[in-house]
Amino acid sequence: MKEVVLLASGSGSNAENIVDYFRKKNISVQFHIITNKKDAFVLERAKRLNVPAEVITKKQNDEGILHERIQELNPDLIVLAGYLLLFPASIIKEFPNKIINIHPALLPKYGGKGMYGGFVHEAVVANKETKTGITIHYVSEHYDEGATIFQATTNVEEKDSPEDVANKVHQLEYEHFPKVIEQLLEKIN
Ligand SMILES: Nc1nc2c(c(=O)[nH]1)N[C@@H](CNc1ccc(C(=O)N[C@@H](CCC(=O)O)C(=O)O)cc1)CN2
Ligand SMILES: O=CNCC(=O)N[C@@H]1O[C@H](COP(=O)(O)O)[C@@H](O)[C@H]1O
């Protein structure tokens, strides 16, 4: 059975959507959820979904605990789904092309340090962009620089608030992220 580790720092709606997708399609995947925040709502979602979940804090990352845990779990795929810490280079080296991230904009624009969550949508609206979207990419040492796997776009109307844009982007995430993960898992024998 394939093993997938999902990492999220906050709400975890993408993590839930991914678990739901594979369950609905009867594809047997063993999921583990890791968050860096003990009060992250993703922990509630994991409980409800009966998915094993644990908190590994930034400090524990720095102590190598996250690395040890990932080695124990030995996942086929590591999925950053709204994870807001810099993922350790040591793990990236050990799991080449097995770590992916979803970014709520069309990289390379609106990426890098400080560009996460609502900040991204605020910048897109402030810059009067006429379109935005999602980028699913491999995770490299620095934020949002890894090779792009998939992009999808949506239009931005003049009247759209950052919340309107966030909702449009979330719809793209829910539609595409599970399918991209399914395709990647199929390639891993
Ligand atoms: N290796 C590596 N790690 C990553 C990504 C990557 O592609 N490579 N992609 C990341 C998702 N993108 C971002 C981009 C910027 C920030 C960011 O700016 N974070 C704040 C901290 C936010 C918080 O702790 O709440 C900071 O100051 O570093 C977070 C995730 C997750 N971790
Ligand atoms: O990659 C760059 N930055 C990371 C980032 O901003 N990720 C975004 O956080 C949201 C998490 O939502 P959730 O799934 O927790 O409901 C989701 O929109 C991700 O694209």
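Keep in mind it's a predicted model, so treat the numbers as computed, not measured. (Residues numbered from 1 in each chain as written. Chains lettered and ligands numbered in written order. Predicted model: local features only at pLDDT ≥ 70, side-chain atom pairs only at ≥ 80, totals over all residues. Heavy atoms only, no water.)

Caption draft 1: Quick look at the pairing of strand β1 (residues 2–7). Among the six residues that make up β1, five are buried, leaving the element largely enclosed by the rest of the structure. In terms of strand pairing, β1 meets strand β4 (residues 77–80) through four bridges, oriented parallel. In the sheet register, Val 5 faces β4, and the bridge partner there is Ile 78. (Buried < 20%, exposed > 50% of the residue type's maximum accessible area, 1.4 Å probe, protein only. Helix = DSSP H or I, 4+ residues; strand = E, 2+ residues; numbered from the N terminus. Pairing = 2+ DSSP bridges.)

Caption draft 2: View of the side chain of Asn 14. As for its placement among the helices and strands, Asn 14 is situated in helix α1 (residues 13–24). Residue class for Asn 14 comes out buried when judged on its relative accessible area of 7%.

Caption draft 3: View of the nonpolar core. Within the largest apolar cluster, 38 residues are counted, with the highest numbers of intra-cluster contacts made by Leu 6, Phe 31, Val 79, Phe 177 and Ile 181. In terms of residue count, the dominant contributor to this core is helix α7 (residues 162–187) (eight residues). Sequence-distant contacts of Phe 177, that is, excluding residues within four places in its chain, are made with Asn 14, Ile 18, Val 79, Leu 80, Ala 81, Ile 100, Ile 102, Ile 136 and Leu 172. (Core = buried A, V, L, I, M, F, W, Y, C linked by side-chain atoms within 4.5 Å. Contact = heavy atoms within 4.5 Å.)

Caption draft 4: Broad picture of the confidence of the model for the protein. When pLDDT is averaged across the protein, the result is 98; 100% of the residues are at 70 or more. With pTM at 0.98, the complex prediction returns an ipTM value of 0.97. (pLDDT = per-residue confidence, 0-100.)

Caption draft 5: Up close: the packing of helix α6 (residues 118–126) against α7. For the pair α6 and α7, interaxial distance at closest approach is 8 Å and the crossing angle is 115°. Relative to α7, α6 is oriented so that their crossing is right-handed. Contacts between α6 and α7 involve His 121, Glu 122 and Val 125 from the former and Pro 162, Val 165, Ala 166 and Val 169 from the latter. Residue classes in the contact of α6 with α7 are distributed as five nonpolar, one polar and one charged. (Axes fitted to C-alpha atoms, helices over the stretch in contact; angles between N-to-C directions. Left-handed = near helix turned anticlockwise from the far one by under 90°. Nonpolar A, V, L, I, M, F, W, Y, C, P; charged D, E, K, R; others polar.)

Caption draft 6: Spatial organisation of the UniProt feature "binding site: N(1)-(5-phospho-beta-D-ribosyl)glycinamide" (unreviewed entry) in the protein. When the UniProt feature table is mapped to this numbering, "binding site: N(1)-(5-phospho-beta-D-ribosyl)glycinamide" (unreviewed entry) covers Gly 12, Ser 13 and Asn 14. The subset of these annotated residues that lines the largest pocket comprises Gly 12, Ser 13 and Asn 14. Locating Ser 13 in the fold gives a position in helix α1. Setting aside chain neighbours within four positions, we find Ser 13 in contact with Arg 45, His 170 and Tyr 174. The contacts of Asn 14, once residues within four sequence positions are left out, are Ala 81, His 170, Glu 173, Tyr 174 and Phe 177. (UniProt positions renumbered as here; feature names shortened; annotations may be inferred. 1 Å grid on protein atoms, 1.4 Å probe; cavity = no way out; pocket = protein on both sides within 12 Å on 5 of 7 lines; lining within 4 Å.)

Caption draft 7: Representation of the layout of surface pockets in the model. Its volume calculated, the largest pocket comes out at about 810 Å³. Every residue lining the largest pocket is counted, 40 residues in all, and those nearest its centre are Gly 82, Tyr 83, Leu 84, Tyr 116 and Gly 117. Considering each element in turn, the lining of the largest pocket owes the most residues, four residues, to α7. In this structure, the second largest pocket spans a volume of roughly 160 Å³. (Points joined across faces, edges and corners; volume = space filled by probe spheres on them.)

Caption draft 8: Representation of the site of ligand 2 in the model. For ligand 2, the set of nearby residues contains 16 residues, the closest of which are Gly 12, Ser 13, His 103, Gly 117 and Glu 173. Measuring from an oxygen atom of ligand 2, one finds a backbone N or O atom of Gly 12 at 2.7 Å. One of the side-chain nitrogen or oxygen atoms of Asp 144 is found 3.3 Å away from an oxygen atom of ligand 2. Alone, ligand 2 offers 490 Å² of accessible surface; in the complex the protein occludes 90% of this. (Near = heavy atom within 4 Å. Polar contact = N/O pair within 3.5 Å; in protein donor to acceptor, adjacent residues only side chain to side chain. Areas by Shrake-Rupley, 256 points an atom, 1.4 Å probe, with all protein chains shown as cover.)

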